[in-house]
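In case you want the letters, here they are:
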Amino acid sequence: MLKTKGKILVVGDSGNLQKLREKLENKGYEFQVCRSDSAILKNVLAIKVDLILLYVKLGGYDAYELCRRLKADVEIAPIPIIFLSELTSTFNKVRGLELGGADYITQPFQMEELFARIATHISLRQLQRRLWATSTELIRAKNKQLLKEIEDHRQTQEALFFEKELAQVTLKSIGDAVITTDAECAVTYLNPTAESLTGWTNEEASGNHLFEIFKIINEFTRNPVKNPIIQALEEITTINLAKNTNLIRRDGSEIPIDDSAAPIQDRKGNVVGSVVIFRDVTIAHNLTRQLTWQASHDFLTGLINRSGFEQKLDETIAANNEGHNHVLCYLDLDQFKVVNDTSGHIAGDKLLRQVARLLQQRVREVDTLARLGGDEFAFLLYQCPLEKAIEIAETSRDMVEKLCFQWEGKIFHISISIGLVSIPPHENDKNRLMSMADAACYAAKNKGRNCIQVYRDDDNDLRQQRRERQWVGEIRDALEANSFDLYCQTVVPINKKSKLIYYEVLLRLLDEKRIIVPGVFLPSAERYQLMPTIDRWVVSQFFSRYDHYYQQHSEQMNVSQNYLYALNLSAASINHDYFLDFLKMQLAKVSFPLGTICFEITEETAISHFDQAVKFINEIKQFGCYFAIDDFGHGMNSFEYIKYFPVDYLKIDGSFVKNIIQSKVDREIVESFNRIGHVMDLQTIAEFVENAAILRAVEAIGFDYAQGYVISKPSPLTFEHGM
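Below: a short report on this structure. It should be emphasised that the depicted structure is a prediction, and the values quoted were computed from it without experimental measurement.

1. Regarding a positive patch on the surface
Residues K5, K19, K23 and K27 make up a contiguous surface patch of positive charge. Among the secondary structure elements, K19 is positioned in helix α1 (residues 17-26). Its relative accessible area of 49% is what places K19 among the partly exposed residues.

Spelled out as structure tokens, the structure:
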């Protein structure tokens, strides 16, 4: 596209307009026509013209008025306007030039003259634009530089003024108190905050020695504190005030303060004075005390909490080397859960506060009463014979038993179980003492609740309970550290009808020295409600390992599918809706055939939680899994209930199987169990097949499967046998 010599806007109309247009366009000008004065302003701005040709004496508008309007617009005014007119009078020419016209050409036009004038005015306009742009840029740059110089000067002036004002205002407005002195420690200035904190005005304090105005002591010892300004002047450095310092004000009152002191030096480094800066830390002091109290006290009852109690116990143990007898008591409300479950936590909280007030009435001032958490409390009875401690515990038990707690028309009678342990001299294990007292309390509950139990080292039941509680911690550690492992034991078919090989998945706890079987730690897990957690671990671990293996060997495993993996589920898990949801979720996301999974539940679990067990079995069987009743025959009502359970396998209790060689009665019982199982179309499994004689016997009886050491001992779980 060729570059245009300029843009011309023609306003109006004439007979020679078309001819004019052609000639101008031939000479390289861009030509546009506007016949309406109402649109001219918009067109001029839109096309950015270099020259306007304005016809005079055209119908519909006044050319001179239009020129005036164009020149009145700031953006259009610089554009040159040439009048084209048939009016040749000097008056019309002068009028057009007075209104801002750049030229006035009369008709008939001399085209060459017209083109020359047009070229001249457009060149002048373009030159004007360049000069304007250049001058504007120069002016802008100059203005920018000038503005910067002005701003720099202003900022310098403001900085100087600010420094001057800051020196005068800071000391008055600062939140900290400031005292300045001369080189001899004579006070020269107190700011308003210092006046308020010391009780001295600036005028009164000026000239006095600093030590007269600024008196400080230790909050606890009440001894005078060495003034930090002395050390600051000696060492020529900033010194902070010692902690726990109080300022004695002029009226004798005290406030806790925090401060620092520093020497004032001239340019040559000579000491010309000193400054002490301090602040009132009463709020922080009180907040620290409050936080310290809250950290060691129970918010609900106001008693010392577990942390505070254990600290007191530590202090007692550390000082217990003079033969004094102290007693630790562990208290646990017996029916507190009933109140919480039936009336809500607000009622439970009120009951705890009432119990706390009752117990406070019985302990001595020297003793420590604490709420350990939940419905558990504790006494620490100092220099108290065991007989006296038992008396205090018995009185406390009696007071709680007589408490009649009322809530919204309901009356609750509660009781408390108490365990006591005498703290022997030179005992240094706080956790051992707490464990012994806890075990004694638990034993009191087992005796029927609302009673007292004293811990004695020779009490086998207490030692067993204590060991069970220790197992709780070890089980939790094992779950966190993933210290459990999965084993399996093969259950083999022993007749021609049964073809599947049945693998029972077993749990082991691994420590550094040995492999621990479930019979050692599961009783503790059952008693302390850890079984659902353990079952979730077993299911998650087994499913994850099995699914990973299956994805890598699915073709080989799918060829046979003559195997079944059986996982044991506890009563707590069967009776827990959350576990059912968890198991469904696990079954839904695996890729291995769910028909290779069986779940074992004990007969006792099935009968004790009959409705829940039936629901659980039915919902899981919809996934294609199998179920087995374990330890069948252990209960008194085995035959009555078994017909209602939709299970697939019946595992006969090993306590009968292992005696079938020596006992005709046991053999008859086992035969009847096997026969009933087959009548119900169940596969029967004989447990505890420990030798060849028992194996031959169960084969003769007609069992479908046999499980025992003569066949297979438990070994670490692998999946190769599934292939």
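After presenting the structure, the write-up continues.
2. Side note on the layout of surface pockets
A probe as big as a water molecule, rolled over the atoms, marks out the empty space that is left. Here the largest pocket defines a volume of roughly 1300 Å³. Forming the walls of the largest pocket are 43 residues, and the residues nearest its centre are E504, L522, N568, D630 and D631. Of all the secondary structure elements, the ones that give two or more residues to the lining of the largest pocket are β21 (501-510), α17 (518-527), α18 (531-560), α19 (571-574), β24 (597-602), α21 (603-608), β25 (626-632) and α24 (654-657). Grouping the constituent residues of the lining of the largest pocket by class yields 17 nonpolar, 13 polar and 13 charged.

3. Some details on the environment of K93
Relative to the helices and strands, K93 resides in helix α4 (residues 90-98). On a C-alpha basis, the gap between K93 and Y104 in space is 6.0 Å, while along the polypeptide they are eleven residues apart.

4. A look at the pattern of salt bridges
Per the counting criterion, the structure on display carries 32 salt bridges. With a closest N to O distance of 2.3 Å, E254 and R222 form a salt bridge. Here the residue E254 occupies a position in strand β11 (residues 254-265), and R222 occupies one in the loop between β8 (215-218) and α9 (228-235), the gap between them amounting to 32 residues. Across the pair D367 and R364 runs a salt bridge whose closest N-O atoms are separated by 2.7 Å. A single network of salt bridges, built from pairs that share partners, joins R306, E310, D314, E376 and K430.

5. Here we look at the side chain of S274
Counting through the fold element by element, S274 comes out in strand β12 (residues 271-280). For S274, the side chain forms a polar contact with the side chain of T181, separated by 2.4 Å. Contacts of S274, omitting those with residues within four sequence positions, involve I179, T180, T181, D182, I229, L233, A262, P263 and I264.

6. Observations regarding the nonpolar core
Residues F542, F543, L583, F599 and V698 are the most contacted members of the largest nonpolar core, which totals 77 residues. No other element matches the ten residues that α18 contributes to this core. Sequence-distant contacts of F599, that is, excluding residues within four places in its chain, are made with F543, L567, L569, L583, I620, C625, Y626, F627 and A628. L333, L386, L403 and F412 belong to the second largest nonpolar core, which has 36 residues in total.

7. Examining a nonpolar patch on the surface
A cluster of nonpolar side chains, L146, L147 and I150, forms an exposed patch at the surface whose accessible area comes to about 300 Å². For L146, the position within the fold is in helix α5 (residues 111-173).

8. Regarding the sheet that holds strand β18 (residues 416-423)
One open sheet holds the five strands; their spatial order is β14-β15-β13-β18-β19, and the pairing between them is mixed. With partners counted over all chains shown, the strands left at the sheet margins are β14 (368-373) and β19 (452-454), one partner each. For this sheet, the mean angle separating the axes of adjacent strands, direction not counted, is 20 degrees. Bridge count between β18 and β19: three bridges; the pairing is parallel.

9. Brief notes about the pairing of strand β17 (residues 410-413)
Where strand β16 (residues 404-407) lies against β17, four bridges are found, and the strand directions are antiparallel. The partner of F405 across the bridge, within β17, is F412. In this structure, the hairpin formed by β16 and β17 is closed by a connection of two residues, where E408 is found at a positive phi of approximately 50 degrees.

10. What to know about the packing of aromatic side chains
Within the structure shown, the criterion is met by 30 aromatic pairs. Arranged with centres 5.7 Å apart and planes meeting at 45 degrees, the rings of F599 and F627 form a pair that is tilted. Of this pair, F599 sits in strand β24 while F627 sits in strand β25; the two residues are 28 residues apart in sequence, bridging distant segments of the chain. Residue class for F599 comes out buried when judged on its relative accessible area of 0%. In textbook terms, an aromatic cluster arises when at least three aromatic residues are bridged by ring pairs, as seen for Y503, F542, F543, Y546, Y549, Y563, Y565, F592 and F719. R250 extends its terminal NZ or CZ atom over the ring of W200, reaching a point 4.0 Å from the ring centre.

11. Description of the packing of helix α20 (residues 577-588) against helix α22 (residues 610-621)
Packing of α20 against α22 leaves a shortest axis separation of 11 Å and a crossing angle of 10 degrees. When the axis of α20 is compared with that of α22, the two are roughly parallel. On α22, the residues touching D577, F579, L580, L583, K584 and L587 of α20 are Q612, K615, F616, E619 and I620. Classifying every residue of the contact of α20 with α22 gives six nonpolar, one polar and four charged.

12. Here's the deal with the packing of helix α25 (residues 664-679) against helix α26 (residues 692-701)
Two elements in contact, α25 and α26, have axes separated by 10 Å at closest approach and are oriented at 45 degrees. With respect to each other, α25 and α26 are oriented oblique. Between α25 and α26 lies a crossing whose hand is right-handed. Side by side, α25 and α26 meet where R667, V670, E671 and N674 of the first sit next to A697, A700 and I701 of the second.

13. Structural notes on the sheet that holds strand β5 (residues 103-106)
Taken together, five strands build an open sheet; the order of strands is β2-β1-β3-β4-β5 and the sheet is parallel. What marks the edges here is a single partner per strand, and that holds for β2 (29-34) and β5. If you compare each strand with its neighbour and ignore which way they point, the axes differ by 20 degrees on average. Across the sheet, α1 touches β1 (6-11), β2 and β3 (51-55), and the angle it forms with β2 is around 155 degrees.

Rules used in this analysis
- Residues numbered from 1 in each chain as written.
- Predicted model: local features only at pLDDT ≥ 70, side-chain atom pairs only at ≥ 80, totals over all residues.
- Heavy atoms only, no water.
- Patch = residues over 30% accessible without salt bridge, like charges linked within 9 Å, V, L, I, M, F, W, Y side chains within 5 Å.
- Areas by Shrake-Rupley, 256 points an atom, 1.4 Å probe, with all protein chains shown as cover.
- Salt bridge = Lys/Arg side-chain N within 4 Å of Asp/Glu carboxyl O.
- Lys, Arg positive; Asp, Glu negative; His and termini not counted.
- Charge placed at Lys NZ, Arg CZ, Asp CG, Glu CD.
- Helix = DSSP H or I, 4+ residues; strand = E, 2+ residues; numbered from the N terminus.
- Buried < 20%, exposed > 50% of the residue type's maximum accessible area, 1.4 Å probe, protein only.
- 1 Å grid on protein atoms, 1.4 Å probe; cavity = no way out; pocket = protein on both sides within 12 Å on 5 of 7 lines; lining within 4 Å.
- Points joined across faces, edges and corners; volume = space filled by probe spheres on them.
- Nonpolar A, V, L, I, M, F, W, Y, C, P; charged D, E, K, R; others polar.
- Polar contact = N/O pair within 3.5 Å; in protein donor to acceptor, adjacent residues only side chain to side chain.
- Contact = heavy atoms within 4.5 Å.
- Core = buried A, V, L, I, M, F, W, Y, C linked by side-chain atoms within 4.5 Å.
- Pairing = 2+ DSSP bridges.
- Axes fitted to C-alpha atoms, helices over the stretch in contact; angles between N-to-C directions.
- Phe/Tyr/Trp six-rings, centres within 6.5 Å; stacked < 30°, edge-to-face > 60°.
- Lys NZ or Arg CZ within 6 Å of the ring centre and 35° of its normal.
- Parallel < 35°, antiparallel > 145°, perpendicular 65-115°, else oblique.
- Left-handed = near helix turned anticlockwise from the far one by under 90°.

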